[in-house]
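# Geometric and topological summary
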Amino acid sequence: MAITDAPKIITSRLGYDDSHTINRYVATGGYQALRKALTMSPAAVAEQVKAASLLGRGGAGFPAGVKWGLAPADVWPRYLVVNGDESEPGTYKDRILMERDPHQLIEGVLLACYAIGAGQAFLYVRGEMALAQERIAEALNDAYQAGYVGKGILGTDYSIDVVLTWGAGAYIVGEETALIESLEGNRGMPRLKPPFFPAAKGLYMQPTIVNNVETLSNLPWIVANGGEAFAALGAEGSKGTRMFAVSGHVRNPGVFEVEYGVTTFRDLIYAPVYAGGIRGDHQLKAFIPGGGSAPWFFEEHLDLPLEKVTVDKAGSMLGSGAIVVMDDTTDAVKACLRLVRFYARESCGKCTPCREGTTWLERILQRILDGHGRPSDLELLLDVSDNISPGLTWPPKQTTICPLGPSATAPIASALGRFRDEFEARITVAEQARTSVPVELKAPSHA
Amino acid sequence: MARLSPDNVTLALEIIGRYPRPKSALIPLLHLAQEQDGHLTDDAMAHIAELVGVTPAEVLGTASFYEMFKMEPVGRYVVNICTNIACQLLGGEELLEHAEHRLGVRPGQTTPDGLFTVEDVECIAACTEAPCLQVNYRYFHRITHDEFDQLVDDLAAGRRDDIPPHGTLARVRQHIPPERRAGCVLPEDTATPVWIASASTEEAEA
C-alpha cells in the first residue's frame, strides 16, 4: 500500500462552502502565482511548467510543457483554448474544479497565456454543465473587476480577454480539433492530423494550445512553489498529484486527489480512506482504469501503480482518471453493450469505419443480449472491430481520423476476451430456442 | 414568428463582439434563442444567420449536430436520466423505466400536459453519485424512485423555482466592462504580444 500524505494541489479549497468566490480564493493565496509570474519572463514561467513534467490530464497524457513548445516560433497570434468538455464515461473531476474552484482555473489560464504569448483565451465548457457556466461567468466578472483579467493586468503590459463559451451536447467535441471546429461555429467533426495539429494550425488556422481544465488548474501551484517541488511528488514519468473518480460497485464512491504514480489501484479501490472496497460481500469482477475508452483491468492488475507508463505497458490507460468498478453481479454482455452504444450514439459520422462499424457493433450486441444471437456473431464482432482498429492492438491503430471509433472496440476486446463464456451462453440459449422447439403447423380453422 | 427580441439582439451583439470571427458566436446565440422560445424556431435561426453573416442553412447545419438543440417544442422540464456505465451498474436503467411508467412516456417523448420530456442520456459527469439525472441541466445525485416521484410532484406543483424552464442554461452571464476589455485578437493581428516583445527586449539589453 502506498497511501502518501502528498499535499492537495488542486483540491485544497474544496472544503470551503464558498470555495468558488473571489474572496475565498484571494484569502487562500489566490492570484499570488500570477503576481509572481508577472515579475518573471514568459520563458521562465514556461520553464517552470516544463520542469514540473506536468502531464495533460484530459486523456492522452501528453506533457503540457512540451505541447506548449510545439507552437512554431514567432508565428502570431496564438490562442489558448480550455477544454472543459468533460464527457468520457466515468469521468467526474473537471466539473468539480469548474464549479467549485473556478478562480484557480482562471489563474491557470492567465499563467498559460502569459507564458505562451496567447492573444486571446476561450474557455469552452460542456453545454450540459449549467452550474459550471454560472460559476465561471461570475468568477470572470469578478476577476475582470479586480484587475486580474483584461486590459493591463495588475498594472503591467500583459493584457488578455478570457472568453467563456460553451457547447451544446456532443462527446466528440472533447477531441481537440473537433472542439476547435465547434468554437468556429461548425459541426463538431475532427480534423485530419496532419496537417491540422492545433499547435501549428488550430483556431482560425493559427497556432492554438488546447489544454484540459485539470491540467491548467495545476499551474498556480506550480508557479507559486516551483516546478521542481511538483516534480518531487509522484513517480518517474508521472509527477505531482492527480484526481481520480472511483465509481460503480464500491462502498464509498468518490473523487480523490492522490499522489500520481505511487498510489495503486488496490489502494484507491480498497483503502478505507478512498473507495473502501467492493460493496457488500461481493467480489471484484473487472474495472475500467481510465474511462469508457480504456480496456478493462482485472484482479491481477490491482497492484499496478497509477502511473502512466506502467498502465500503458499493461495494455490500458489512465485516460481521464475514471475508474469504474464492476462486481460479480455485473452482466459483462450488458455492460459491454452499454459502452458500445455510447460510441455508436456519439460517432460524428465523418469516417465510415466508425459510423457504420459502431452502429453494427451495437446491433449485434443487442441481438445477443435479446436472445437472438447467432453462433457466428462473436467472430463478427471481432471482425467489425478489426475494421475500425486493425489488429486490436494496444495502443490502438485506427482506420479513422480520431480515436472515437477504436474506443468502441476496447470494451468488446476486454469483455469477449475475458468473459467469452457469458456471450456463448446467451448464444447457446438462443440457438436452442431456434432449433429445438417443436413447431406444429396447423392450417387455420375457419369453422 | 419568433425572431430574437430587442433585448436579446443587444445581448447577441455583445456576445458576437467577443469573438474574432462572428460565426464563433453561433452556439451561444442558439442557446439564447432556445432560452427565449424553449426550442429553436426557423425564424430565430434565420435571424441568427443575419446577425452572424451566414446562411440559415449553415445555422441549421451546426444546430442539428448538437443534442441539446431542440427543433420541436419540448416539455417545460427536460428530465435527462443517465444510463451510461457507472449509472447502469447502480440502477440507472431501472430509474429510467420507473420514470417512463411514472410519466407515461418513452424516452424522447413529452407528456400531454407539456410539462415533462424524458431523455435517456449519456454520461453527465456525476459518476460517483450514481444513479443521477438532470432537470433542465440541473443535477440530482443518487436519486431513488421515491425521490424521483417527489421531484416530479414538486415540479408539477410549481414548488421548484430553483429550476428555470427549459432553454435557460446559465443565469449568470459573462459581462466584460468596456474599460477593462483587452479586445479581440484577430487572426490578421500578426504583431508579437507586447509582454513577449518587452521581455525579449529586456533580455537583449541584459
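A few words on the overall build of chain B. Within chain B, the secondary structure is distributed over eight helices and four strands. The secondary structure elements of chain B, listed N-terminal to C-terminal, are α-α-α-α-β-α-α-β-β-β-α-α. C-alpha atoms of chain B, sized along the principal axes, occupy 70 × 50 × 30 Å. Relative to its 206 residues, chain B shows a buried fraction of 56%. Long-range contacts, defined here as pairs at least 24 residues apart, represent 64% of the contacts in chain B between residues at least 6 apart. A total of about 8,900 Å² of accessible surface is found on chain B, and carbon and sulfur atoms cover 53% of it. Distance from the positive charge centre (16 side chains) to the negative charge centre (32 side chains) of chain B: 4 Å.

All names here are of chain A. One open sheet holds the four strands; their spatial order is β3-β2-β1-β4, and the pairing between them is parallel. Strands with a single pairing partner mark the edges of an open sheet, and in this sheet they are β3 (161-166) and β4 (208-212). Here the average twist between neighbouring strands, direction ignored, is 20 degrees. Two elements, strand β1 (residues 78-84) and strand β2 (residues 118-125), share seven bridges in a ladder whose sense is parallel. When the bridges of β2 are listed, V82 appears paired with L123. Helix-sheet contacts for helix α7 (residues 130-145) involve β2 and β3, and the interaxial angle to β3 is about 165 degrees.

A word on the confidence of the model for chain B. Model confidence for chain B is summarised by a mean pLDDT of 96, while 99% of its residues fall at 70 or above. Across the interfaces of the predicted complex, the ipTM metric reaches 0.97, alongside a pTM of 0.96.

Let us look at the domain arrangement of chain A. Interfaces are often sized by the amount of accessible area the parts lose when they come together. Residue and element names in this part refer to chain A. Segmenting chain A into domains produces domain 1 (22-230), domain 2 (235-327) and domain 3 (332-434). Once you take the C-alpha centre of each, domain 1 and domain 3 turn out to be 36 Å apart. Across the contact, 12 residues belong to domain 1 and nine residues belong to domain 3. Taking both sides of the interface into account, the surface hidden between domain 1 and domain 3 amounts to around 910 Å²; carbon and sulfur atoms contribute 76%. Counting across the domain 1 and domain 3 interface gives two residue pairs in polar contact (both at pLDDT 80 or more). When grouped by side-chain class, the residues that make up the side of domain 1 that touches domain 3 number seven nonpolar, two polar and three charged.

With that settled, consider the interface of chain A and chain B. Listed as interface residues are 90 residues of chain A and, on the opposing side, 70 residues of chain B. With both sides pooled, the region where chain A packs onto chain B buries about 6,300 Å², and carbon together with sulfur makes up 57% of that total. Put simply, E134(A) and R138(B) hold a salt bridge, and the shortest N to O gap is 3.0 Å. Ranked by residues supplied to the side of chain A that touches chain B, first place goes to α7(A) with nine residues. Here the side of chain A that touches chain B is composed, by residue class, of 45 nonpolar, 26 polar and 19 charged.

Within this structure, the stated rule accounts for 19 aromatic pairs over all chains. With a centroid separation of 6.1 Å and an interplanar angle of 75 degrees, the aromatic rings of Y171(A) and Y343(A) are classed as edge-to-face. With Y171(A) in the loop between β3 and α8 (176-183) and Y343(A) in helix α14 (residues 332-346), the pair connects residues that are 172 residues apart, well separated along the chain. Among the aromatic residues, ring-to-ring pairing joins Y79(A), F122(A), Y204(A) and Y19(B) into one connected group. For the cation-ring pair, R418(A) lies above F298(A), with the distance from its terminal atom to the ring centre recorded as 4.1 Å. The residue whose ring lies beneath R21(B) is Y204(A), and the NZ or CZ to ring-centre distance is 5.9 Å.

Residues and elements named next belong to chain A. Side chains of F62, V66 and L70 sit close together on the surface and give an oily, nonpolar patch of about 260 Å² of accessible area. As for its placement among the helices and strands, F62 is situated in the loop between α3 (42-52) and α4 (64-69). The class for F62 is partly exposed, based on a relative accessible area of 39%.

Moving on: the sheet that holds strand β3 (residues 133-135) of chain B. Residues and elements named next belong to chain B. Here we have four strands laid out as an open sheet, ordered β2-β1-β3-β4, and mixed in their pairing. Unpaired on one side and paired on the other, β2 (116-121) and β4 (138-140) mark the two borders of the sheet. If you compare each strand with its neighbour and ignore which way they point, the axes differ by 25 degrees on average.

What follows is about the domain arrangement of chain B. Partitioning chain B into structural domains gives domain 1 (6-71) and domain 2 (77-156). Spacing between the C-alpha centres of domain 1 of chain B and domain 2 of chain B amounts to 28 Å.

The subject of this paragraph is α7(A). The first and last C-alpha atoms of α7(A) sit 23 Å apart over 16 residues, in line with the 22 Å expected at 1.5 Å per residue. Among the 16 residues of α7(A), 12 are classified as buried, and the element is accordingly described as predominantly covered. Regarding α7(A), the residues found buried are A130(A), A132(A), Q133(A), E134(A), R135(A), I136(A), A137(A), A139(A), L140(A), N141(A), A143(A) and Y144(A). The secondary structure elements touched by the buried residues of α7(A) are α1 (22-27), α5 (94-100), α6 (102-116), β2 and β3 of chain A together with β4 of chain B.

Turning next to unusual backbone geometry. A cis geometry characterises the amide bond from W76(A) onward to P77(A), with omega recorded as 0 degrees. Mapped onto the secondary structure, P77(A) falls in the loop between α4 and β1. For the bond running from W394(A) to P395(A), omega is -5 degrees, close enough to zero to count as cis. Its location among the elements puts P395(A) in the loop between α16 (377-388) and α17 (404-418). Although it is not a glycine, A125(B) sits at a positive phi angle of roughly 60 degrees. Mapped onto the fold, A125(B) is located in the loop between β2 and β3.

What counts, and where the lines are drawn
Residues numbered from 1 in each chain as written. Chains lettered and ligands numbered in written order. Predicted model: local features only at pLDDT ≥ 70, side-chain atom pairs only at ≥ 80, totals over all residues. Heavy atoms only, no water. Helix = DSSP H or I, 4+ residues; strand = E, 2+ residues; numbered from the N terminus. Buried < 20%, exposed > 50% of the residue type's maximum accessible area, 1.4 Å probe, protein only. Contact = heavy atoms within 4.5 Å. Areas by Shrake-Rupley, 256 points an atom, 1.4 Å probe, with all protein chains shown as cover. Lys, Arg positive; Asp, Glu negative; His and termini not counted. Charge placed at Lys NZ, Arg CZ, Asp CG, Glu CD. Pairing = 2+ DSSP bridges. Axes fitted to C-alpha atoms, helices over the stretch in contact; angles between N-to-C directions. pLDDT = per-residue confidence, 0-100. Domains from an automatic or database assignment. Buried area = accessible area lost by both parts, 1.4 Å probe. Polar contact = N/O pair within 3.5 Å; in protein donor to acceptor, adjacent residues only side chain to side chain. Nonpolar A, V, L, I, M, F, W, Y, C, P; charged D, E, K, R; others polar. Salt bridge = Lys/Arg side-chain N within 4 Å of Asp/Glu carboxyl O. Phe/Tyr/Trp six-rings, centres within 6.5 Å; stacked < 30°, edge-to-face > 60°. Lys NZ or Arg CZ within 6 Å of the ring centre and 35° of its normal. Patch = residues over 30% accessible without salt bridge, like charges linked within 9 Å, V, L, I, M, F, W, Y side chains within 5 Å. Expected span 1.5 Å × (residues − 1).

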